[in-house]
Amino acid sequence: MIKTQILTLAALFSVGAFAKPVTVEMVDLGSNQVVGDVTITQSEYGTVFTPNLKGLPAGVHGFHIHENASCDSAVKNGKTVLGGAAGGHYDPQGTGQHGTPWSDDNHLGDLPALYVDASGVAQQPVLAPRVKLSDVANRALMIHAGGDNHSDHPAKLGGGGARIVCGVIK
């Protein structure tokens, strides 16, 4: 009986059933002002990203996990890129492809698009079915200026464009 209970507890811990939620402070890269936070939790269906953000441009925005735990600017091709030190979309399998959050042949960091309402508020959670809470530690969470078509065509990386808001996931 005790052995069965221990094995059950071990199985629950291994799938993250008791994983603590992580809250990420999100900063506007242009003004360096905090615009809110995103709480990341594990569910039986994947990882849930619940935004509590305000003061963002209305519309649909690309939303991604980036490979490095930094929101600093970086110089690329002689130009300063806000949030550039975050690197590219998190891609542990080396697919080199941008795609949907539910397919297996693209970046693991490709999340569902983030919706910001007409008053600049984002509170609609998104679910990333392939992502585990353990995947996101020591990465950056990024919001892009434009939407995301979850493809590399016609524009690379979904067409999201400039990085506008970032937070470091600890």
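Definitions and limits used
- Along each chain, the written sequence defines residue order, and numbers are assigned to residues from 1.
- Residue-level local features of this predicted model are given only where pLDDT is at least 70; pairs of side-chain atoms are given and counted only at 80 or more, and the full residue set underlies all totals for whole chains, interfaces and linings.
- Excluding hydrogens and water, the side-chain figures rest on all heavy atoms present in the structure.
- UniProt positions are given in the numbering used here, feature names are shortened, and annotations may be inferred rather than shown by experiment.
- For two strands to be treated as a pair, DSSP must find no fewer than two bridges joining them.
- Helix numbering and strand numbering both begin at the N terminus, where a helix is a DSSP run of H or I of at least 4 residues and a strand a DSSP run of E of at least 2.
- Simply put, an axis is a line fit to the C-alpha atoms, just over the touching stretch for a helix, and the angle between two N-to-C directions goes from 0 to 180 degrees.
- Buried Ala, Val, Leu, Ile, Met, Phe, Trp, Tyr and Cys residues that are joined via side-chain atoms within 4.5 Å together make up what is termed a nonpolar core.
- Relative accessibility under 20% of the residue-type maximum defines a buried residue, over 50% an exposed one, and the middle range a partly exposed one, all with a 1.4 Å probe and only protein chains included.
- Any two residues having at least one pair of non-hydrogen atoms within 4.5 Å are treated as being in contact.
- Pairs of cysteine sulfur atoms within 2.5 Å are what we label disulfides.
- Any pair of nitrogen or oxygen atoms within 3.5 Å is treated as a polar contact; in protein, a donor-acceptor pairing is required on top of that, and neighbouring residues in sequence qualify only through side-chain atoms on both sides.
- Confidence scores labelled pLDDT are given residue by residue by the predictor and lie between 0 and 100.
- When two rings of Phe, Tyr or Trp (its six-membered ring) have centres within 6.5 Å they constitute a pair, described as stacked for plane angles under 30 degrees, edge-to-face for angles over 60, and tilted for the intermediate range.

- As annotated in an unreviewed UniProt entry, the protein carries the name Superoxide dismutase [Cu-Zn] and comes from Vibrio caribbeanicus ATCC BAA-2122.
- Turning to the protein, the UniProt record has this under Function (unreviewed entry): "Destroys radicals which are normally produced within the cells and which are toxic to biological systems."
- Turning to the protein, the UniProt annotation filed under Catalytic activity (unreviewed entry) states: "2 superoxide + 2 H(+) = H2O2 + O2".

1. Considering the sheet that holds strand S3 (residues 46–53)
Here's step 1: Taken in spatial order, the seven strands of this open sheet run S5-S10-S11-S1-S2-S3-S9, and their pairing is antiparallel. At either end of the open sheet lies a strand with only one pairing partner, and these are strand S5 (63–66) and strand S9 (126–128). Sheet twist, expressed as the average angle between the axes of neighbouring strands with direction ignored, equals 25 degrees.

2. Digging into the nonpolar core
Here's step 1: In terms of nonpolar packing, the biggest core is built from 27 residues, with Met26, Ile40, Phe49, Leu53, Phe63, Leu141 and Ile143 touching the most fellow members.
Here's step 2: Not counting residues up to four positions away in its chain, the partners in contact with Ile143 are Met26, Leu53, Leu56, His61, Gly62, Phe63, Leu114, Ala162, Arg163, Ile164 and Val165.

3. Points about the state of the cysteines
What we call a disulfide is simply a covalent bond connecting the sulfur atoms of a pair of cysteines.
Here's step 1: In the structure shown here, the tally under the stated rule is one disulfide.
Here's step 2: Between the sulfur atoms of Cys71 and its disulfide mate Cys166 the distance is 2.0 Å. When the S-S torsion is -75 degrees, as for the bridge of Cys71 with Cys166, the disulfide is left-handed. Here the residue Cys71 occupies a position in the loop between S5 and strand S6 (74–76), and Cys166 occupies one in strand S11 (residues 163–169), the gap between them amounting to 95 residues. The burial state of Cys71 is the same as that of Cys166; both residues are buried.

4. Points about the side chain of Thr47
Here's step 1: Note on placement: Thr47 falls in strand S3.
Here's step 2: Separated by 3.4 Å, the side chains of Thr47 and Gln42 make a polar contact.
Here's step 3: Within the structure, the side chain of Thr47 is placed 3.4 Å from the backbone nitrogen of Leu133, a separation counted as a polar contact.
Here's step 4: If near-sequence neighbours (up to four positions away) are discounted, Thr47 is found in contact with Ile40, Thr41, Gln42, Val126, Leu127, Ala128, Val131, Lys132 and Leu133.

5. Structural notes on unusual backbone geometry
Here's step 1: One non-glycine residue, Asn138, adopts positive backbone phi at about 60 degrees.
Here's step 2: Note on placement: Asn138 falls in the loop between helix H2 (133–136) and strand S10 (139–144).
Here's step 3: Classification of Asn138 by relative accessible area gives exposed; the value is 54%.
Here's step 4: Positive phi is not limited to glycine here, since His150 has a value of about 55 degrees.
Here's step 5: Position of His150 among the secondary structure elements: in the loop between S10 and S11.
Here's step 6: For His150, a relative accessible area of 18% corresponds to the buried category.

6. Things to note about the confidence of the model for the protein
Here's step 1: Residue-level pLDDT values for the protein average 89, and 89% of them are 70 or greater.
Here's step 2: Taken together, the stretch residues 3–16 has pLDDT below 50 and engages in five contacts with residues farther than four places along the chain or on a different chain.

7. A few points about the environment of Gly159
Here's step 1: Looking at the element boundaries, Gly159 is found in the loop between S10 and S11.
Here's step 2: Along the primary structure Gly159 and Asn149 are separated by 10 residues, whereas in three dimensions their C-alpha atoms are 6.9 Å apart.

8. Here we look at the environment of Leu114
Here's step 1: Relative to the helices and strands, Leu114 resides in strand S8 (residues 114–116).
Here's step 2: Considered as a pair, Leu114 and His144 are 30 residues apart in the sequence and their alpha carbons are 9.3 Å apart.
Here's step 3: Among all residues touching Leu114, those that are not within four sequence positions of it are Pro51, Leu53, Gly59, Val60, His61, Phe63, Ala122 and Ile143.

9. As for the packing of aromatic side chains
Here's step 1: Overall, the coordinates contain one aromatic pair when judged by the stated rule.
Here's step 2: Note on Phe49 and Phe63: the rings are 6.1 Å apart at their centroids and 80 degrees apart in plane angle, and the pair reads as edge-to-face. With Phe49 in strand S3 and Phe63 in strand S5, the pair connects residues that are 14 residues apart, well separated along the chain. Like Phe49, the residue Phe63 is buried in the burial classification.

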